[in-house]
Amino acid sequence: MQLDFVNRELTIKLVYYGPALSGKTTNLVALHQAADPGSSGRLMTLETRDDRTLFFDLLPLRFRTPGGLSVRLKVFTVPGQVIHAATRRLVVQGADGIAFIADSRISETQHNADSFLDLKHNLKEHGLLLHDMPVVIQFNKRDMPGVRPEAEIAELAARGREPVYLAVATQGVGVIESFIGLLHLTFGSLDAAHDLGQKFGFDAGALLEEVAEKLGTQQPVRDILSACVGGALDVLRPEAAES
Amino acid sequence: MTAPAVLTAIEDVCPRLEDLVHRDALGELLGSALSLFGVPVRLYGQDGRLLAGAADESELYATLGEHRRVGERIRQIVADVKQLDPDPRADARRECVTGAVYRVVRLEYDGHPMGRLIFGPYASPEVDGPSEQLFELAPELDRARIAELYEKLPRVADEVVLSVARHLSRTFELILFSEHRALLTSNMHLASVRESFRELEEKTRKLEEANARLTELDRLKSNFLATVSHELRTPLTSIIGYSEMLVEGLAGDLTGEQREFVSTIREKGDQLLALIKGLLDLSKLESGMASLARDYIQADRVVEDVLATVQPHARKRQVAVVERIEAGLPRVHADAGRLRQLLLNLVDNAIKFTNPGGCVSIEVRLTSMDPEKMHGSQGVVLLGSRRAAIEFRVADDGIGIPAAERDKVFEPFYQVDSSSTREQGGTGLGLSIVKRLVEAHGGRVSIEDNVPRGTVFVVLLPLRFSSLG
């Protein structure tokens, strides 16, 4: 997170992480399509000829809180292929929140697990703990054959901490829900850590309403958040993280 | 260790227009607007500096610029125009004292102001002639002349200027986007390469540390072996010495059985001593502490000496030993003592594994050898010339060594068939010492089949030792 006191501008970095071909870029494309043109910049993609992300994708979003604070969201994806380890480590640097995009197919279970451990390792290289990081998990590609049953995911998710969402990013299903869930955790965690409410009149709830509206959803934020199939939506507080 | 902070740096700073776009190209872009629509336009950076322009000073402004009051007023207006920073969705219009118009448009990228486009001065088509203001300010001006010059100003409708401005803004936004993307890509590329390099460096460092540790362990092992061997040899010498004295009757006569027992003690003591000497030799050779006393020597003499040494043993085992030494062999650059040791070892071995009535032969001839590891490597034509070498072939017609075992017999303590060792005796170190001695001479040792049965040990020694080989 960066704070520009002069222009009253807050910049937040969000990273979409996950194994190769799990749909990270597709999530960004769907967000970009949903976003109001006034809030969204151009989606910057750096792809190779075979549509694999080379370095990262970047979607810049801009919002304004009722209190006059300008909030910039920089949403990145990492390249999922194993060989781009160095690039992933660089992109994840300074992240304020992470959406982990998993591939729902049973055959990809091991790749999901490997990528999650890779994330943990890369955060550690920057002196960050996964434990302290706002994270949501999205099980993408629900429309594919051979996916893990929803009941199984829900059962495991209920035991885990991260909110878990189901998605078909190619159809835009579950994309906004995952994003709003991630923002909810990230805004709350940043507010708690930096006391943004006191210093800037930062209102996480109002901002979330604003973002949801600019992403074209009519639903109340409360309903969007409840789309998660498990995990906890409680915001991590610094003191809670220590215990 | 954490990764370099390159990416944070490239994300944070919104780049300046002048850093992203090539200035000459900007000039060309504005020039095309001028030639298409006839509207003069200049581009200023966010700090107010002129970055590019496509506008010639009109005759009217050149003339008025020389007039004190009017020139001053015009300069004042231009300075004001440069300060204008309109809302990105709107534009700002300023009328000059001449009646000509300036228009200012702000350029934005990703919500950040990047600079300003200033159009003008141009005359609106619906306005006839210069403004009255001008003559109020300077009544002495030549009306007809000024009107004539005014007519030469570019005449552009406001709507045209606005649509050119929109077009240029969008074009700039696109150019900035693609340039920004290129900048991020190249920065990221650089950072990734640097990060990979850092990672590799760290791995290399760890490997080097591990290697140093292993080298140290190896040195300790050799030291240990040398020390222990030395400490074992001292009491063993006494055991052998005293049992020898007992056998020779220096402590009184022994009964037949006593003599037999003491002889066994002595024989086994000798075996143990040979083993310890072998170990010492091997550890010296392995640690590179064994130095060779190289000289130009007659190989045939060494062979004769070896044969003379083994003859009694061979006769006892009823094995014939024959030699075939090529005439006129040149001298070879080698350590005579070590050459004798390795040949003796091979011939001794051959006799040991040949059945009574069999034959062991030793053949010496001049040949040439390829330097090793030259296949497919660079500069073979320069470095790979064959060198003159001397070949020793020690052949037996014993049980032979299976092809799969041939590399292993040179490892310490390796025995093809452990039952035969028990039968034949031996330390299991001989061949590994032979291999190291040959290699220390820059040579090679290998095993071939003997026809119809048995084994040939082939030793190739270069005539001249060189570190290249």
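A quick note: this is a predicted structure, and the numbers were derived from the prediction, not measured.

Describing the overall build of chain B
Working step 1: Broken down by element type, chain B carries 14 helices and twelve strands.
Working step 2: With 469 residues in all, chain B has 27% of them scored as buried.

Comments concerning the packing of helix α3 (residues 23-37) of chain B against helix α8 (residues 158-247) of chain B
All names here are of chain B.
Working step 1: It is the contact of α3 with α8, at a shortest axis distance of 12 Å, that shows an interaxial angle of 155°. As the angle between them shows, α3 and α8 are arranged roughly antiparallel. Seen along the crossing, α3 lies across α8 with a hand that is right-handed. Residues Leu29, Ala33 and Phe37 of α3 touch α8, and the partners they reach there are Val160, Val164, Leu168 and Thr171.
Working step 2: Residue composition of the contact of α3 with α8, by class: six nonpolar, one polar and no charged.

A word on the confidence of the model for chain B
Residue and element names in this part refer to chain B.
Working step 1: On average, residues of chain B carry a pLDDT of 84, and 89% of them reach 70 or more.
Working step 2: At the low end of the mean pLDDT range in chain B sits helix α1 (residues 6-12), at 48; at the high end sits strand β1 (residues 41-45), at 92.
Working step 3: Overall, residues 1-10 carries pLDDT values under 50, and its contacts beyond four positions in sequence, including any with other chains, amount to 24 contacts.
Working step 4: Across the predicted assembly, pTM comes out at 0.67 and ipTM at 0.79.

Some remarks on the interface of chain B and chain A
Working step 1: Taken together, the contact between chain B and chain A spans 18 residues of the former and 20 residues of the latter.
Working step 2: Mapped by element, the contributors of at least two residues to the side of chain B that touches chain A are α1 and α8 of chain B.
Working step 3: Ranked by residues supplied to the side of chain B that touches chain A, first place goes to α8(B) with nine residues.
Working step 4: For the side of chain B that touches chain A, a count of residues per class yields six nonpolar, six polar and six charged.

Points about unusual backbone geometry
Working step 1: Here the residue pair Gly120(B) and Pro121(B) is connected by a cis peptide bond, since its omega of 0° sits within 30 degrees of zero.
Working step 2: On the secondary structure map, Pro121(B) appears in strand β5 (residues 112-122).
Working step 3: At Leu21(A), a residue that is not glycine, the phi angle is positive and equals roughly 60°.
Working step 4: Although it is not a glycine, Lys141(A) adopts a positive phi angle of roughly 65°.

A short note on the nonpolar core
All names here are of chain A.
Working step 1: Ranked by size, the top nonpolar core spans 67 residues in total, and within it Val15, Val75, Ile98, Phe100, Ile180 and Leu208 carry the most contacts.
Working step 2: Ranked by residues supplied to this core, first place goes to helix α5 (residues 175-194) with nine residues.
Working step 3: What Val75 contacts, discounting residues up to four positions off in sequence, is Leu14, Tyr16, Leu28, Leu31, Leu59 and Leu61.

Observations regarding the environment of Tyr414(B)
Residue and element names in this part refer to chain B.
Working step 1: With respect to the secondary-structure elements, Tyr414 resides in the loop between β10 (387-396) and α13 (418-424).
Working step 2: Residues Tyr414 and Ser432, spaced 18 residues apart in sequence, show a C-alpha to C-alpha distance of 9.0 Å.
Working step 3: Discounting chain neighbours no more than four positions away, the residues touching Tyr414 are Lys408, Val409 and Gly428.

What about the pairing of strand β4 (residues 101-109) of chain B?
Residue and element names in this part refer to chain B.
Working step 1: Of all nine residues that make up β4, eight are buried, and the element is covered over most of its length.
Working step 2: Where strand β3 (residues 92-95) lies against β4, four bridges are found, and the strand directions are antiparallel. Bridged to Arg94 within β4 is Tyr102.
Working step 3: Hairpin geometry of β3 and β4 is characterised by an intervening segment of five residues between the two adjacent antiparallel strands and by a positive phi of about 100° at Gly99.
Working step 4: Relative to β5, β4 is paired through eight bridges, and the arrangement is antiparallel. Residue pairing in the sheet places Arg106 in a bridge with Arg116 of β5.
Working step 5: Connecting the antiparallel pair β4 and β5 is a turn made up of two residues, with Asp110 showing a positive phi of about 50°.

Description of helix α10 (residues 299-316) of chain B
All names here are of chain B.
Working step 1: Given a rise of 1.5 Å per residue, 18 residues ought to cover 26 Å, and the 27 Å separating the end C-alpha atoms of α10 matches this to within 8%.
Working step 2: The principal kink in α10, of about 45°, is found at Val310, preceding the proline Pro312 by one to four residues.
Working step 3: Summarising the contacts, the buried residues of α10 are in contact with β6 (295-297), β7 (320-325), β8 (332-334), α11 (336-352), β9 (359-369) and β10.

A few points about the packing of α11(B) against helix α14 (residues 430-440) of chain B
Residues and elements named next belong to chain B.
Working step 1: Relative orientation of the contacting elements α11 and α14 amounts to 145°, with a least axis distance of 10 Å. Where α11 crosses over α14, the handedness of that crossing is left-handed. Of the residues in α14, those touching α11 at Arg338, Gln341, Leu342, Asn345, Leu346 and Asn349 are Gly430, Ile433, Val434, Leu437 and Val438.
Working step 2: In terms of residue class, the contact of α11 with α14 is made up of six nonpolar, four polar and one charged.

Description of the sheet that holds strand β11 (residues 444-449) of chain B
All names here are of chain B.
Working step 1: In space, the five strands of this open sheet follow the order β7-β9-β10-β12-β11, with mixed pairing throughout. Of all the strands in the sheet, the pair left with one neighbour each is β7 and β11. Direction aside, neighbouring strands of the sheet carry axes that sit 20° apart on average.
Working step 2: Pairing between β7 and β9: six bridges, direction parallel. Pairing of Ala320 across the sheet is with Cys359, part of β9.

Concerning the sheet that holds β5(B)
Through backbone hydrogen bonds, the strands of a sheet pair up, either in parallel or in antiparallel fashion.
All names here are of chain B.
Working step 1: Here five strands make up an open sheet; going across it, the order is β2-β1-β5-β4-β3 and the pairing antiparallel. Strands at the two margins of the open sheet, each flanked by one partner only, are β2 (50-54) and β3. Adjacent strand axes in the sheet meet at a mean angle of 20° when their direction is disregarded.
Working step 2: Across five bridges, the pairing between β1 and β5 is antiparallel. Note that in β5 the partner of Val41 across the bridge is Phe119.
Working step 3: Docked against the sheet, helix α5 (residues 68-83) engages β1, β3, β4 and β5, running at close to 175° with respect to β3.
Working step 4: Against the sheet, α8 engages β4 and β5, with an angle of about 25° to β4.

Considering the pairing of strand β12 (residues 455-462) of chain B
Residue and element names in this part refer to chain B.
Working step 1: Among the eight residues of β12, six are classified as buried, and the element is accordingly described as predominantly covered.
Working step 2: Examined bridge by bridge, β10 and β12 share seven bridges and lie antiparallel to one another. Following the sheet pairing, Phe392 is matched in β12 by Val459.
Working step 3: Taking the residues between adjacent antiparallel strands as the criterion, β11 and β12 are bridged by five residues, where Gly454 takes a positive phi near 110°.

Some points on the environment of Val41(B)
Residues and elements named next belong to chain B.
Working step 1: Relative to the helices and strands, Val41 is located in strand β1.
Working step 2: Classification of Val41 as buried rests on a count of 25 C-beta atoms within 10 Å.
Working step 3: Measuring from C-alpha to C-alpha, the distance between Val41 and Gly53 comes to 6.0 Å, with twelve residues separating the pair along the chain.
Working step 4: When near neighbours in sequence (up to four residues on either side) are disregarded, Val41 contacts Leu30, Ala33, Leu34, Ala54, Ala55, Leu117, Ile118 and Phe119.

About the cut-offs
Going along each chain's sequence as written, the residues are numbered from 1 onward. Here every chain gets a letter starting at A, and every ligand a number starting at 1, in the order they are written. Given that this is a predicted model, residues contribute local features only at a pLDDT of at least 70 and side-chain atom pairs are listed and counted only at 80 or more, while totals for whole chains, interfaces and linings are drawn from all residues. In this description a helix means any DSSP run of H or I spanning at least four residues, a strand means any run of E spanning at least two, and both kinds are numbered starting from the N terminus. Residue burial here comes from a neighbour count, namely the number of other C-beta atoms, placed from the backbone, that lie within 10 Å of the residue's own C-beta, with 20 or more meaning buried, 12 or fewer meaning exposed, and in between meaning partly exposed. Axis lines are fitted to C-alpha atoms, over the contacting stretch for helices. Their N-to-C directions set the angle, which ranges from 0 to 180 degrees. With respect to orientation, any angle under 35 degrees is reported as roughly parallel, any angle over 145 as roughly antiparallel, any angle of 65 to 115 as roughly perpendicular, and every other angle as oblique. Two helices that cross are described as forming a left-handed crossing if the nearer one is turned anticlockwise from the farther one by less than a right angle, and a right-handed crossing if clockwise. Working definition of a contact: two residues with C-beta atoms, positioned from the backbone, lying within 7 Å. Side-chain classes follow a simple rule in which Ala, Val, Leu, Ile, Met, Phe, Trp, Tyr, Cys and Pro form the nonpolar group, Asp, Glu, Lys and Arg form the charged group, and the remainder, Gly included, forms the polar group. How sure the predictor is of each residue is captured by pLDDT, a score from 0 to 100. The nonpolar core is taken to be a set of buried Ala, Val, Leu, Ile, Met, Phe, Trp, Tyr and Cys residues joined by way of C-beta atoms within 7 Å. A pair of strands counts as paired when DSSP detects no fewer than two bridges linking them. In this analysis, the expected span of each helix is defined as 1.5 Å times one less than the number of residues it contains. In this scheme, the bend at a residue equals the angle between the axes fitted to the seven residues that finish there and the seven that begin there.

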